[in-house]
Amino acid sequence: MGNGSPKPKFDAVIVGAGFAGLYMLHSLREAGLSAIVFDAAPEVGGTWYWNRYPGCRCDIESTQYSFQFDGALQQDWTWSERYASQPELLAYIKHVAERFDLRRDISLETRVAAAEFDESNDYWTVATQGAGALADAATTTVTARHLILGVGCLSTIEMPRFADSHLFEGELIHTGRWPQGDVDLAGKRVGVIGTGSSGIQSIPLIAEQADQLFVFQRTPNYVVPAQNRPLASHEVAQIKSSYDKLRAAAWKSLSAFEFERNTGSVFDMDEADRAAQFEKYWEIGGLPFLGSFGDLLSNKAANEAVIAWWKSKVRHIVDDPAIAELLIPNGDVFGGKRLCAGTNYFETYNRSNVSLVDVSEYGIERFTPTGLLAAGSDYDLDVIVCATGFDAMTGSVVRIDITGLGGQTIAEKWADGPHNYLGLGIAGFPNLFNMQGPGSPSVFATMVTGIEHQGDWITDCIRSMNTNGHTRIGATADSEAAWVERVAQVAEPSLRSNCDSWYIGSNIEGKPRVFMPWIGGFPAYVEACSHVAENDYEGFVLS
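Residues numbered from 1 in each chain as written. Predicted model: local features only at pLDDT ≥ 70, side-chain atom pairs only at ≥ 80, totals over all residues. Heavy atoms only, no water.

(A) Focus on the pattern of salt bridges. Tallied over the full model, the rule gives 16 salt bridges. Residues glutamate 61 and arginine 82 are paired through a salt bridge, measuring 3.0 Å at the closest nitrogen-oxygen approach. Pair noted here: glutamate 61 is in the loop between helix H2 (47–50) and helix H3 (71–76) and arginine 82 is in the loop between H3 and helix H4 (86–99), with a separation of 21 residues, a long-range link. Under the relative-accessibility criterion, glutamate 61 is labelled buried at 17%. Given a relative accessible area of 10%, arginine 82 falls into the buried group. Each of the salt bridges in this network shares a partner with another, and the network as a whole consists of Arg29, Asp101, Arg104 and Asp105. (Salt bridge = Lys/Arg side-chain N within 4 Å of Asp/Glu carboxyl O. Helix = DSSP H or I, 4+ residues; strand = E, 2+ residues; numbered from the N terminus. Buried < 20%, exposed > 50% of the residue type's maximum accessible area, 1.4 Å probe, protein only.)

The following block contains the structure:
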């Protein structure tokens, strides 16, 4: 790029005003760089703005699912529960936006419709449109040296195309777009389609409100109790007094989530001790249950041992033996999909107003004006809730019309899988950084910690470019191919790598089956990123 070339308006455009977008904005500002954030929602929060269904909460402990860049913030904010609910998480994100005066550089109700890299001037031209209440606003464009995507890996909803859904005269809701006002379910007949994480969290609370609840299940899930509870004042004080140690320990752990782990094998213990160990971790609850033994996800026999124990728990909890068997997965790997943490999930099927409908054979056959037809029976419903998940990790990226070198769009680039380098750069798309997407630890590490790590790396990269007079950085095709191969290699030993799950896109018809996240551990990923930066951004071309 010549010295006479026009300069972009911003150093960076950031897409998304959730945890990633807010931290990226703060980090760039601290480095003296200019940036603007665009988000289609009318409020900050990202996924924690849109997902507000009953029971919605994080599955990483609140004290770790939070920012650590500012010690005063950690001390001033007090989490009320072990696992924060959506209202509390949204309140926290709003607090961060206001505490650090981020809102002045955030444009809400503004959707990024397209972005095109200007090869002559080494910057992105970004087209935005109004969204929500501003949907009729005219398209406007801005220019920025860098385009940073903080769009979230679980933010584009998957709404199946049910036959005759337009005929239904009741209320149809997706958990990922739950209405902002309270939904009155009292005295109503409610159907929930889907028993993934959103369904597992919402079903018990919907059952408490509805007159009748019908759960339409295609695939049962492995669920452990979250064991959520209020945090006592002495616990909060202890955590705040040792936050530095907690954070340091988390950075060294495979998932950037610090909890008690037993690295030994299932077969190091006899059957009685093994059962006691499983019981101990059942009482701990949530994702830490996977820390009960070190080989649950690498040894098929070990996985079968935990499945046998888990089945006995479900059969003990659920009163009706036939219902219990329907709730037990058939042949799936325990923890192959993201392990679901619930509260009174299996107990809910003991309620007289709850019916489980097996749709594994025929699916939802069609909607009707008064409900739906499934498993050969008509169900009259006032409200249908679709807990049908997301087009994970890539959906929110490819839905933006992003055009790189030679006129190639990112949707075309990723048609056979999400090729990238370090999970950050994409060959053919200079000056673009994708946060917490495929090729990075993403959902296999505490998301907020991963965001801070990537945000700092991106900021340091841009600052280095400016210092050295570079206006373009792009991943090479060779480095990208090598990283994709490495991601696949580290995934291969894990039982997760061959499971049908949104990790490989199997929940979306026609999506390439590729194991998308980096599963080699957070410390190894941090080391890889550091190595690249310390070696003059090896694998990238700077000009």
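Structure shown, so let's carry the discussion forward.
(B) Examining the nonpolar core more closely. By size, the foremost hydrophobic cluster in this structure holds 123 residues, and its most contacted members are Ile148, Phe289, Trp310, Phe334, Leu422 and Trp457. Ranked by size, the runner-up nonpolar core spans 23 residues in total, among them Val126, Val142, Ile400 and Ile402. (Core = buried A, V, L, I, M, F, W, Y, C linked by side-chain atoms within 4.5 Å.)

(C) Geometry of the sheet that holds strand S15 (residues 377–380). Strand order in the open sheet formed by three strands is S13-S14-S15, with antiparallel pairing between adjacent strands. Looking at the sheet topology across the chains shown, the edges are occupied by strand S13 (364–368) and S15. If you compare each strand with its neighbour and ignore which way they point, the axes differ by 25 degrees on average. Where S13 meets strand S14 (residues 371–374), four bridges bridge the pair, whose relative direction is antiparallel. Within the sheet, the bridge partner assigned to threonine 368 lies in S14 and is glycine 371. (Pairing = 2+ DSSP bridges. Axes fitted to C-alpha atoms, helices over the stretch in contact; angles between N-to-C directions.)

(D) Here's a closer look at the packing of helix H14 (residues 447–467) against helix H16 (residues 522–534). For the pair H14 and H16, the least separation of the axes is 11 Å and the interaxial angle reads 5 degrees. Considering the angle they form, H14 stands roughly parallel to H16. Residues Thr449, Gly450, His453, Gln454 and Trp457 of H14 pack against Phe522, Tyr525, Val526, Cys529, Val532 and Ala533 of H16. Taken together, the residues of the contact of H14 with H16 break down into seven nonpolar, four polar and no charged. (Parallel < 35°, antiparallel > 145°, perpendicular 65-115°, else oblique. Contact = heavy atoms within 4.5 Å. Nonpolar A, V, L, I, M, F, W, Y, C, P; charged D, E, K, R; others polar.)

(E) Main features of helix H8 (residues 271–284). The terminal C-alpha atoms of H8, which comprises 14 residues, lie 20 Å apart, in line with the 20 Å expected from a rise of 1.5 Å per residue. Taken residue by residue, H8 has Arg274, Gln277, Phe278, Tyr281 and Trp282 as its buried positions. The arc enclosing the buried residues of H8, seen along the axis, measures out at 140 degrees, which places them on a common side. Considering only its buried residues, H8 is in contact with strand S10 (223–225) and helix H9 (300–317). Looking one or two residues beyond H8, the residue adopting positive phi is glycine 285, at roughly 80 degrees. (Expected span 1.5 Å × (residues − 1). Arc of directions from axis to C-beta.)

(F) Fine view of the environment of aspartate 39. By the secondary structure assignment, aspartate 39 is in the loop between strand S2 (35–38) and H2. Between the alpha carbons of aspartate 39 and serine 107 there is a distance of 6.5 Å; along the sequence they are 68 residues apart. Discounting chain neighbours no more than four positions away, the residues touching aspartate 39 are Gly16, Ala17, Gly18, Ser107, Leu108, Glu109 and Thr110.

(G) Representation of the sheet that holds strand S8 (residues 189–193) in the model. Across the sheet, five strands lie side by side as S7-S16-S8-S9-S12; this open sheet has parallel pairing. The outermost strands of the open sheet, each flanked by one partner alone, are strand S7 (171–174) and strand S12 (354–358). Direction aside, neighbouring strands of the sheet carry axes that sit 20 degrees apart on average. Pairing geometry for strand S9 (residues 212–217) and S12, over five bridges, is parallel. Considered in S12, the bridge of valine 215 is made with leucine 356. Running at roughly 155 degrees to S9, helix H5 (residues 197–209) makes contact with S8, S9, S12 and strand S16 (383–386) of the sheet.

(H) Examining the packing of aromatic side chains more closely. Inspection of the entire model under this criterion finds 38 aromatic pairs. Between phenylalanine 278 and phenylalanine 293 the ring centres are 5.2 Å apart and the planes differ by 75 degrees, which places this aromatic pair in the edge-to-face class. Taken together, the residues phenylalanine 278 in helix H8 and phenylalanine 293 in the loop between H8 and H9 connect sequence positions 15 residues apart. Note on accessibility: phenylalanine 278 and phenylalanine 293 belong to one class, buried. Among the aromatic residues, ring-to-ring pairing joins Tyr222, Phe278, Trp282, Phe289, Phe293, Trp309, Trp310, Phe334, Tyr345, Phe346 and Tyr349 into one connected group. Here arginine 52 stacks its cationic end above the ring of tyrosine 49, 4.8 Å away from the centre of that ring. (Phe/Tyr/Trp six-rings, centres within 6.5 Å; stacked < 30°, edge-to-face > 60°. Lys NZ or Arg CZ within 6 Å of the ring centre and 35° of its normal.)

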